[in-house]
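# Descriptive analysis of the structure
The primary structure of each chain is shown beneath.
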Amino acid sequence: MVRRVLITGGAGFIGSHTCLVLLEQGHELVVLDNFDNSSPEALRRVQELAGSTQLNLVEGDVRDPSAVDQAFSAAGTVDGVIHFAGLKAVEESVSDPLHYWDVNVNGSRVLAAAMDRHGCRTLVFSSTSTAYGKPETFPLREDMPTAPVNPYAETKVAVEQMLTALCRSGSWQVACLRYFNPVGAHPSGRIGEDPMGIPNNLFPFMTQVAAGRRDRLLIFGQDYPTPDGTCIRDYLHVMDLAEAHGMALEHLWERTTPDPLTLNIGTGRGLSVLEMVRGFEQATGLTIPLEFVGRRPGDVPRSLASPEKAQTVLGWSAHRTLEEMCRDGWSWQQGNPAGYRQNP
Ligand code: NAD
Ligand code: UFG
């Protein structure tokens, strides 16, 4: 059945891959994005890959009620919303917490109020594994307490709480997806992650080193209580994550859930920083120059999902391999050395 879906932040890394999956499933999309951290070129390429023009773009800010209303009007009737628009840099959230509360929390409030006005109460929200804070038992399960340790994670937990209250107040259908560490790109190499400036995250930094844009990868800490001393994360292919959104929406359309459906989206397999680098070297045949430096403030030694609930409830599991994450991420980097921009 063809549905109309409003996607905030649809031009971003995860949003663009999700738009592609939904267009390929035949849905009609309206994207609301202010291009704060993305480019319209991503959406042009998404339509080209999907062979579909069923994507309407409204350029605007999710905190602006009139822009959100315009997106609803552009769609006609909206069957569901996926809310990606938001900020994600932990360090920046520490130096500018008000901005994070404004975009992430106020933006979600403005969006939810507009959804209510327009009679669409089906929402998939981008949450984060950092909601669990610095846990000591693994794998992480959704029934474990949230304990955010930085303003970024606090804003995501605050939105989860707001959505819980909304569900309890009436007829809302909500899924909060707690993403672990998405990496890689669409296998075509046409869309991918396009961070502005120096990448904060391991994977895009590593691919830029591989491309010769940066001279070496700095590994933050070699003295963690892990087998090789570097931090462990649950990395998943961005296409697996994109597919989880389609499945979450289908689930919300088919079943009634009184409380938000909170799901970890990860693989259940942990990789250390060194294992990720070695995996990339194996998949690409390249060598990544490394330098070990001190720990990065705020890093947790380990993060690892229990993906069981997503498997049981949605029938979703990550099936793409580390090799595919590396190969596809590298093919995006090689084909687009300056991302979507013409000049680096
Ligand atoms: P991204 O920055 O690539 O995408 C976010 C998109 O939202 C961009 O297109 C940006 O231009 C847009 N946007 C930002 N502020 C906006 C505003 N005020 N109004 C309208 N559009 C706005 O990030 P991403 O990696 O695709 O992440 C998507 C969502 O998932 C974010 O909410 C992020 O916090 C969350 N998340 C990301 C990760 C990750 O590792 N990438 C992990 C957990 C959660
Ligand atoms: N790392 C390096 N060198 C780098 C970058 C990262 O050694 O140049 C290390 C980090 O210290 C950490 C690991 O690689 O041990 C992963 O770091 P990332 O920054 O790639 O990922 P994080 O787990 O720290 O955080 C990311 C996003 C958050 C999100 C979280 C969970 O930045 O927004 O994943 O999805 F919430």
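The following paragraphs examine the structure supplied in this document. (Residues numbered from 1 in each chain as written. Chains lettered and ligands numbered in written order. Predicted model: local features only at pLDDT ≥ 70, side-chain atom pairs only at ≥ 80, totals over all residues. Heavy atoms only, no water.)

### Topic: the layout of surface pockets
Empty space within the second largest pocket amounts to approximately 210 Å³. If you trace the second largest pocket, you find 21 residues lining it, with Glu193, Asp194, Pro195, Gln208 and Gln333 closest to the centre. For the lining of the second largest pocket, the secondary-structure elements that each account for two or more residues are helix 7 (202-210) and helix 11 (322-335). It is helix 7 that provides the largest number of residues to the lining of the second largest pocket, a total of four residues. When the residues that make up the lining of the second largest pocket are grouped by side-chain class, the tally is eight nonpolar, nine polar and four charged. (1 Å grid on protein atoms, 1.4 Å probe; cavity = no way out; pocket = protein on both sides within 12 Å on 5 of 7 lines; lining within 4 Å. Points joined across faces, edges and corners; volume = space filled by probe spheres on them. Helix = DSSP H or I, 4+ residues; strand = E, 2+ residues; numbered from the N terminus. Nonpolar A, V, L, I, M, F, W, Y, C, P; charged D, E, K, R; others polar.)

### Some details on the site of ligand 1
For ligand 1, the set of nearby residues contains 28 residues, the closest of which are Asp33, Asn37, Ser38, Phe84 and Lys88. Asp61 places a polar side-chain atom, nitrogen or oxygen, 3.0 Å from a nitrogen atom of ligand 1. Within the complex, the protein chains bury 94% of what would otherwise be the 810 Å² of accessible surface of ligand 1. Elements that contribute at least two residues to the shell around ligand 1 include exactly helix 1 (13-24), strand 5 (122-128) and helix 6 (151-169). The greatest single-element share of the shell around ligand 1, amounting to three residues, is contributed by strand 5. Taken together, the residues that form the shell around ligand 1 break down as 12 nonpolar, 10 polar and six charged. (Near = heavy atom within 4 Å. Polar contact = N/O pair within 3.5 Å; in protein donor to acceptor, adjacent residues only side chain to side chain. Areas by Shrake-Rupley, 256 points an atom, 1.4 Å probe, with all protein chains shown as cover.)

### Points about empty space enclosed by the protein
What the rule picks out here adds up to one cavity of 30 Å³ or more. In terms of lining residues, the largest cavity is bounded by His83, Ser108, Leu111, Ala112, Met115, Leu123, Phe125, Val159 and Leu163. For the lining of the largest cavity, the secondary structure elements donating two or more residues are helix 5 (97-118), strand 5 and helix 6. Looking at the lining of the largest cavity, its residues break down into seven nonpolar, two polar and no charged.

### Here we look at the packing of aromatic side chains
One pass over the structure, following the stated rule, counts three aromatic pairs. The interplanar angle of 90° and the centroid separation of 6.2 Å between the aromatic rings of Phe203 and Phe280 together place this pair among those described as edge-to-face. One end of the pair, Phe203, is in helix 7; the other, Phe280, is in helix 9 (residues 273-284), and 77 residues separate them in sequence. Both residues of the pair, Phe203 and Phe280, count as buried. If you follow Arg214 out to its NZ or CZ, it ends over the ring of Phe205, 5.8 Å from the centre. (Phe/Tyr/Trp six-rings, centres within 6.5 Å; stacked < 30°, edge-to-face > 60°. Buried < 20%, exposed > 50% of the residue type's maximum accessible area, 1.4 Å probe, protein only. Lys NZ or Arg CZ within 6 Å of the ring centre and 35° of its normal.)

### Examining the site of ligand 2
Ligand 2 sits among 22 residues. The nearest are Thr128, Phe180, Leu218, Arg233 and Asp299. Between ligand 2 and Arg296 there is a distance of 2.8 Å, counted from an oxygen atom to a side-chain nitrogen or oxygen. In the complex, the protein chains occlude 91% of the 690 Å² of accessible area that ligand 2 would expose alone. Put simply, the parts of the chain that give the shell around ligand 2 at least two residues each are helix 7 and strand 8 (217-220).

### What about the pairing of strand 6 (residues 173-179)?
Most of strand 6 sits inside the fold, with seven of its seven residues counted as buried. Side chains of strand 6 alternate between two faces, with Gln173, Ala175, Leu177 and Tyr179 and Val174, Cys176 and Arg178 buried alike. The sheet contact formed by strand 5 and strand 6 spans seven bridges and is parallel. Bridging from a neighbouring strand, Thr122 pairs with Gln173 of strand 6. Both strand 6 and strand 11 (residues 261-265) contribute to a ladder of five bridges, which runs parallel. Bridge pairing links Tyr179 to Ile265 in strand 11. (Pairing = 2+ DSSP bridges.)

### A few points about the pairing of strand 11
Burial analysis of strand 11 places five of its five residues in the buried class, which makes it a mostly covered element. Neither face of strand 11 is open: one carries Leu261, Leu263 and Ile265, the other Thr262 and Asn264, and all of them are buried.

### As for the side chain of Thr262
Mapped onto the secondary structure, Thr262 falls in strand 11. Once residues within four sequence positions are removed from consideration, Thr262 is found in contact with Glu142, Cys176, Arg178 and Lys309. (Contact = heavy atoms within 4.5 Å.)

### Details of helix 8 (residues 238-254)
Two residues of an α-helix separated by three or four positions point the same way, owing to the 3.6 residues in each turn. If you check helix 8, its first and last C-alpha atoms are 25 Å apart, about what 17 residues at 1.5 Å a residue would give, namely 24 Å. By the criterion of burial, helix 8 is predominantly enclosed, with 13 of the 17 residues buried. (Expected span 1.5 Å × (residues − 1).)

### Brief notes about the sheet that holds strand 5
Read from one edge to the other, the open sheet built from seven strands follows the order 3-2-1-4-5-6-11, with strand pairing classed as parallel. Since the sheet does not close on itself, it has two edges, and those belong to strand 3 (55-59) and strand 11, each with one partner. Shown here is a sheet whose adjacent strand axes are inclined to one another by a mean of 20°, direction ignored. Of the strand pairs in this sheet, strand 4 (residues 80-83) and strand 5 are connected by three bridges, and their pairing is parallel. Residue pairing for strand 5: Val81 is matched across the bridge by Leu123. (Axes fitted to C-alpha atoms, helices over the stretch in contact; angles between N-to-C directions.)

Nothing here speaks to function; it is all geometry.
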